[in-house]
Amino acid sequence: MSNTPRLYAKAVTLAYERRVISEKLSVAIPDGSFTVIVGPNASGKSTLLRALARLLPPSSGQIVLDGKEIGKHAAKAVASRIRLLPQSSIAPEGISVFDLVSRGRYPHQSFQRQWSKADEAAVWQAMELTGIADLAARPVDELSGGQRQRVWIGMVLAQETPILLLDEPTTFLDIAHQIELLDLCQYLSRHCGRTLVAVLHDLNHACRYATHIIAMRDGTIVAEGEPATITSPLVEDVFGLSCMIIDDPISATPLIVPRSKPRG
């Protein structure tokens, strides 16, 4: 059996027009992992995620999905295997929660295969997992920011792709719903065989939930590996933050405790 992961980048250069974000970047996403990308603002985290989703073609190098350059796959084939939830999404005016989550089933539809009981079950399961089943009939534009975020995540889950890419998925969520969402991501990775890649800003959340961490700075990968990869020198190097690291009393993963900067 090959140890080559389903999704990886090989020596890619990523740029927006002439503005280069990353050069000769290589990274492999372990199958079945919950990979979290961390780093300061403008370090290239979201750019890498967009490239992995085939939304940003590399200027050079390759993004490979299931043994073939991702750009050579048919669009529908990619949509059935990988899905990106961007930082912000806009729902059509007046659409209900159920109808928006149902859009996650579109890659499974064809002229020969119309809406089925399996599609219906997948939508309800996704809504149950994200805690929005009781909102099924509500218009999305009447919901709070946190509720809308869970609806979009429900749509991604309904698509049932083996690889999920989440760009800052905890944005707009209060602390209780952040933990609920990260618990769900962990469950999907551990028990459902899904591969998840998320950009997170909270280092402690990354250390507690990720099985694989990628730390980026200035468009380069500074370190990657298990949560224990996160050390005080690394945090200071990547974020410019002096800290001490102790064991999380619940998960035994690294817990970052910032040091205050004296003033005056």
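For the structure itself, consult the block above.
Every chain's residues receive numbers from 1 upward, in the order its sequence appears when written. Where totals are concerned, whole chains, interfaces and linings use all residues; where local detail is concerned, this predicted model gives features only for residues with pLDDT of at least 70, and gives and counts side-chain atom pairs only at 80 or more. Side-chain measures here rest on the full set of heavy atoms in the structure, leaving out hydrogens and waters.

Moving on, we come to helix H5 (residues 145-158). For an α-helix the count is 3.6 residues per turn, leaving residues at separations of three or four pointing the same way. In this description a helix means any DSSP run of H or I spanning at least four residues, a strand means any run of E spanning at least two, and both kinds are numbered starting from the N terminus. What a helix should span is 1.5 Å times the count of its residues minus one. For H5, with 14 residues, the first-to-last C-alpha span of 20 Å sits near the 20 Å given by 1.5 Å per residue. Of all 14 residues making up H5, 11 are buried, and the element is well covered by its neighbours. Accessible area is worked out with a 1.4 Å probe on protein chains only. A residue is then buried under 20% of its type maximum, exposed over 50%, and partly exposed in between. Within H5, burial applies to Gly-146, Gln-149, Arg-150, Val-151, Trp-152, Ile-153, Gly-154, Met-155, Val-156, Leu-157 and Ala-158. Any two residues having at least one pair of non-hydrogen atoms within 4.5 Å are treated as being in contact. The elements touched by buried residues of H5 are strand S6 (82-85), helix H3 (97-102), helix H4 (117-129), strand S7 (163-167) and helix H6 (175-191). In the stretch just after H5, Glu-160 is the one whose phi turns positive, near 55 degrees.

Our focus in this paragraph is the packing of H4 against H5. Angles here are taken between N-to-C directions and fall from 0 to 180 degrees, while the axes themselves are lines fitted to C-alpha atoms, restricted in helices to the stretch in contact. Across the interface, H4 lies against H5 with an axial gap of 8 Å and an inter-helix angle of 140 degrees. Overall, the two elements H4 and H5 adopt an arrangement that is oblique. In terms of crossing hand, the pair formed by H4 and H5 is right-handed. Contacts from Ala-122, Val-123, Ala-126 and Leu-129 of H4 reach H5 at Gly-154, Leu-157 and Ala-158. Should an angle lie under 35 degrees it is considered roughly parallel, over 145 roughly antiparallel, and from 65 to 115 roughly perpendicular; all remaining angles are considered oblique. Crossing handedness follows the turn of the near helix against the far one: under a right angle anticlockwise gives a left-handed crossing, and clockwise gives a right-handed one.

Bear in mind that shape data such as this cannot, by itself, settle questions of function.
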